[in-house]
Amino acid sequence: MSDRWLYAWGLASLGLGGASLIVPLYVVELGGGPATLGVLAAVAAAAGTPGALGVGWLADRTGRRRRYVLAAVGTVAVALTAVPLLDSIAAVVVANAAVWLAFAAAVPVLTLLAVVDTPESAWSDRIARLNEVQGVGWALGLLVGFVVVLAGDRLGWSAIAAQRAVCLVCGASAGVGGLVAVGSLPADSDPDRPGAAPAPRRLRRALRAARPFGVRGASFPFTPRRMDVRGLHPRRFVRRFTPDLAVFFLAVALAFAGFGAFFAPLPAYLAGVGVGDSGVFGLYLALNVAAAAFFGVAATLTARYDVTLVHVSALAVRGVAFPALVVTGGALAPTVALFVAVGFAWAVVAVSAGTLVTRLSPPIVRGEALGVYSALSTFAGGVGSVAGGWLAARGYLWTFGVAGGLVVAGAGVVLLLRRRVGRGRTAGTERTVYSTDGPD
């Protein structure tokens, strides 16, 4: 299968990467405070989750995957182009929600497109390739934002003019991606034809074997992640839900609430301490690049050492780094170092969390467990973002201290889990991670 349509999605992802940061900065420029940024993030999370579930289900039932992807990319392009024309914060919140609704709706459909009519032996590679293109596009979006804002500074533009220019560039990139997708997306196949769509069990196995999380979660933790919605069986999952998995999900809720509480008001904090828009883009770019560069090391650490201790260590790094950011006062060198450390830690959290969910789940419900992990982390991130925005009225040291405390509390729960189940049951071999034994 040609990779041309993947590059189309890469262009759309470029727009999304830039939008993930420029829209919050634009809201701040319009007069929004950290509480507003918390609402902005929470609304995006709330819009994204049903988009991923509903559109993924419809696309699978109807077989009309192409039109759903085109509609999603078109929505991203139109919404991002509209943002610079809006002077109302409420209207920007709605437009931003439309962007992330469309993004979340496209992700599961694109995952199916990546493997349709492809030999099963190549599914993991195709999904990993999709994730790679999306991650590169996201990082390039941050780079483009940095360049445009920096150029605007050199040309004497106002801050809001430069931000609007970034929005237009992001919208244009998504629009070009849509045009490329029109001519490159594979035609819809007959859903009744044998082999037209992968079996849910086999697709979930491929999702576990491929790298499951991209760099966007490093600084944008409240977006839905890739999941196979066709394989969800709530009653079966509840029957097989184990106490150990419940304990880990408590840790996930605490950690992602902390992530949301930190990242939602962060653009307002950085603006308040004098970090310009170009500097903010540069910091976020450093964070995302660090995460992407460390995924391979994270996989090695997770396979070689006790995965619970690896996971706890990564959470501890983030838990300490969040409040430490206030201590730096925006000083360049220590701030960059902390952002890089937060990015490194994300790579370890993403890999080790997916491994822990897989190992703690009975084989028959591993697919559902990964889907629940995705939904729970998105929901917790949205709740945390609202709390972080509200707490920021009391001061950022308090806010980021609470955020770090939630993450450290999550690490403590994982340590309790390690004592509960014993090292032998959570430090298995790599073969255990991807096992699909048992009926599905």
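- The protein is annotated in an unreviewed UniProt entry as MFS transporter from Haloplanus rallus.

1. Thoughts on the overall build of the protein
Alright, step 1. If you tally the helices and strands in the protein, you get 17 helices and zero strands.
Alright, step 2. Counting contacts in the protein only where the partners sit at least 6 residues apart, residues at least 24 apart contribute 87% of the total.
Alright, step 3. Split by element, the accessible area of the protein, about 16400 Å² in all, is 66% carbon and sulfur.

2. What about the packing of aromatic side chains?
Alright, step 1. Inspection of every chain in the model, using the stated rule, returns 19 aromatic pairs.
Alright, step 2. Aromatic pair tryptophan 138 and phenylalanine 220: ring centres 6.0 Å apart, planes at 50°, arrangement tilted. You can see tryptophan 138 sitting in helix 5 (residues 123-155) and its partner phenylalanine 220 sitting in the loop between helix 7 (200-209) and helix 8 (234-240), a full 82 residues away along the chain. Phenylalanine 220 matches tryptophan 138 in its accessibility class, with the two residues each being buried.
Alright, step 3. On the basis of an interplanar angle of 80° and a centroid distance of 6.3 Å, the ring pair of phenylalanine 259 and phenylalanine 322 is categorised as edge-to-face. Pair noted here: phenylalanine 259 is in helix 9 (residues 243-263) and phenylalanine 322 is in helix 12 (residues 307-328), with a separation of 63 residues, a long-range link.
Alright, step 4. Each member of the aromatic cluster is reached from another via a ring pair, and the members are Phe256, Phe259, Phe262, Phe263, Tyr269, Phe322, Trp346, Tyr373, Tyr396 and Phe400.
Alright, step 5. The side chain of arginine 318 reaches across the aromatic face of phenylalanine 259, ending 4.6 Å from its centre.
Alright, step 6. Its guanidinium or amino end placed over the ring of tryptophan 398, arginine 394 lies 4.4 Å from that ring's centre, counting from NZ or CZ.

3. Description of the state of the cysteines
Alright, step 1. A full pass over the atoms with the stated rule returns zero disulfides.
Alright, step 2. There is no disulfide at cysteine 167, and the cysteine sulfur nearest it, in cysteine 170, is 6.5 Å away.

4. A closer look at a nonpolar patch on the surface
Alright, step 1. Among the surface-exposed residues, Val136, Leu140, Leu143 and Val147 lie close enough to one another that they form a single nonpolar patch of about 300 Å² accessible area.
Alright, step 2. In this fold, leucine 143 is placed in helix 5.
Alright, step 3. Its relative accessible area of 35% is what places leucine 143 among the partly exposed residues.

5. Here's the deal with the packing of helix 4 (residues 89-115) against helix 5
Alright, step 1. It is at 8 Å that the axes of helix 4 and helix 5 come closest, and there the two elements cross at 150°. Here helix 4 runs over helix 5; the crossing is right-handed. In this structure, helix 4 uses Trp100, Phe103, Val107, Leu110, Thr111, Ala114 and Val115 to contact helix 5, whose residues at the interface are Trp123, Arg126, Ile127, Leu130, Gln134 and Trp138.
Alright, step 2. Looking at side-chain class alone, the contact of helix 4 with helix 5 contains ten nonpolar, two polar and one charged residues.

6. Topic: the pattern of salt bridges
Oppositely charged side chains are able to pair whenever their charged atoms sit close together.
Alright, step 1. If you walk through the whole model with that rule in mind, you get three salt bridges.
Alright, step 2. Measuring nitrogen to oxygen at the nearest pair gives 2.6 Å for the salt bridge that ties arginine 418 to aspartate 306. Taken together, the residues arginine 418 in helix 15 (residues 396-421) and aspartate 306 in the loop between helix 11 (277-304) and helix 12 connect sequence positions 112 residues apart.

7. Here we look at the environment of leucine 315
Alright, step 1. By the element assignment, leucine 315 lies in helix 12.
Alright, step 2. Between the C-alpha atom of leucine 315 and that of alanine 255, which follows or precedes it by 60 residues, the distance is 7.6 Å.
Alright, step 3. In contact with leucine 315, not counting residues within four places along its chain, are Ala255, Phe259, Val349, Val407, Gly410 and Ala411.

8. Description of the nonpolar core
Across soluble globular proteins, you tend to see nonpolar side chains buried next to one another.
Alright, step 1. With 117 residues, the main nonpolar core has Trp9, Phe248, Phe259, Leu266, Leu270, Tyr284 and Trp346 as its most contacted residues.
Alright, step 2. Taken domain by domain, this core gets at least three of its residues from each of domain 1 (1-189 + 197-205) and domain 2 (235-430).

9. Looking at the environment of alanine 331
Alright, step 1. Structurally, alanine 331 is set in the loop between helix 12 and helix 13 (332-360).
Alright, step 2. A relative accessible area of 34% means that alanine 331 is categorised as partly exposed.
Alright, step 3. Each C-alpha atom, one on alanine 331 and one on valine 273, is 9.2 Å from the other, the two residues being 58 residues apart in sequence.

10. Some remarks on the confidence of the model for the protein
Alright, step 1. In the predicted model, the protein carries a mean pLDDT of 84, and 81% of its residues have values of at least 70.
Alright, step 2. Considering only residues more than four positions removed or in separate chains, one finds that residues 226-230, a stretch of pLDDT under 50, has 30 contacts.
Alright, step 3. Taken as a whole, residues 423-440 scores under 50 in pLDDT and shows 35 contacts with residues more than four places along the chain or in a different chain.

11. Quick notes on the packing of helix 12 against helix 13
Alright, step 1. Helix 13 packs onto helix 12 with a crossing angle of 150° between their chain directions and a minimal axis gap of 8 Å. Here helix 12 is positioned roughly antiparallel relative to helix 13, judged by the angle of their axes. By crossing handedness, the relation of helix 12 to helix 13 is classed as left-handed.
Alright, step 2. Among the residues forming the contact of helix 12 with helix 13, the class breakdown is 20 nonpolar, six polar and two charged.

12. What to know about the side chain of serine 20
Alright, step 1. Checked against the element boundaries, serine 20 lands in helix 1 (residues 4-29).
Alright, step 2. Under the relative-accessibility criterion, serine 20 is labelled buried at 12%.
Alright, step 3. Those residues in contact with serine 20 that lie beyond four places of it in its chain are Trp100, Trp138, Leu142 and Phe220.

13. Examining the environment of alanine 316
Alright, step 1. Within the fold, alanine 316 resides in helix 12.
Alright, step 2. Residue alanine 316 is classed as partly exposed on the basis of its relative accessible area, which comes to 30%.
Alright, step 3. Each C-alpha atom, one on alanine 316 and one on glycine 410, is 9.1 Å from the other, the two residues being 94 residues apart in sequence.

What counts, and at which threshold
- Residues numbered from 1 in each chain as written.
- Predicted model: local features only at pLDDT ≥ 70, side-chain atom pairs only at ≥ 80, totals over all residues.
- Heavy atoms only, no water.
- Helix = DSSP H or I, 4+ residues; strand = E, 2+ residues; numbered from the N terminus.
- Contact = heavy atoms within 4.5 Å.
- Areas by Shrake-Rupley, 256 points an atom, 1.4 Å probe, with all protein chains shown as cover.
- Phe/Tyr/Trp six-rings, centres within 6.5 Å; stacked < 30°, edge-to-face > 60°.
- Buried < 20%, exposed > 50% of the residue type's maximum accessible area, 1.4 Å probe, protein only.
- Lys NZ or Arg CZ within 6 Å of the ring centre and 35° of its normal.
- Disulfide = S-S within 2.5 Å.
- Patch = residues over 30% accessible without salt bridge, like charges linked within 9 Å, V, L, I, M, F, W, Y side chains within 5 Å.
- Salt bridge = Lys/Arg side-chain N within 4 Å of Asp/Glu carboxyl O.
- Axes fitted to C-alpha atoms, helices over the stretch in contact; angles between N-to-C directions.
- Left-handed = near helix turned anticlockwise from the far one by under 90°.
- Nonpolar A, V, L, I, M, F, W, Y, C, P; charged D, E, K, R; others polar.
- Core = buried A, V, L, I, M, F, W, Y, C linked by side-chain atoms within 4.5 Å.
- Domains from an automatic or database assignment.
- pLDDT = per-residue confidence, 0-100.
- Parallel < 35°, antiparallel > 145°, perpendicular 65-115°, else oblique.

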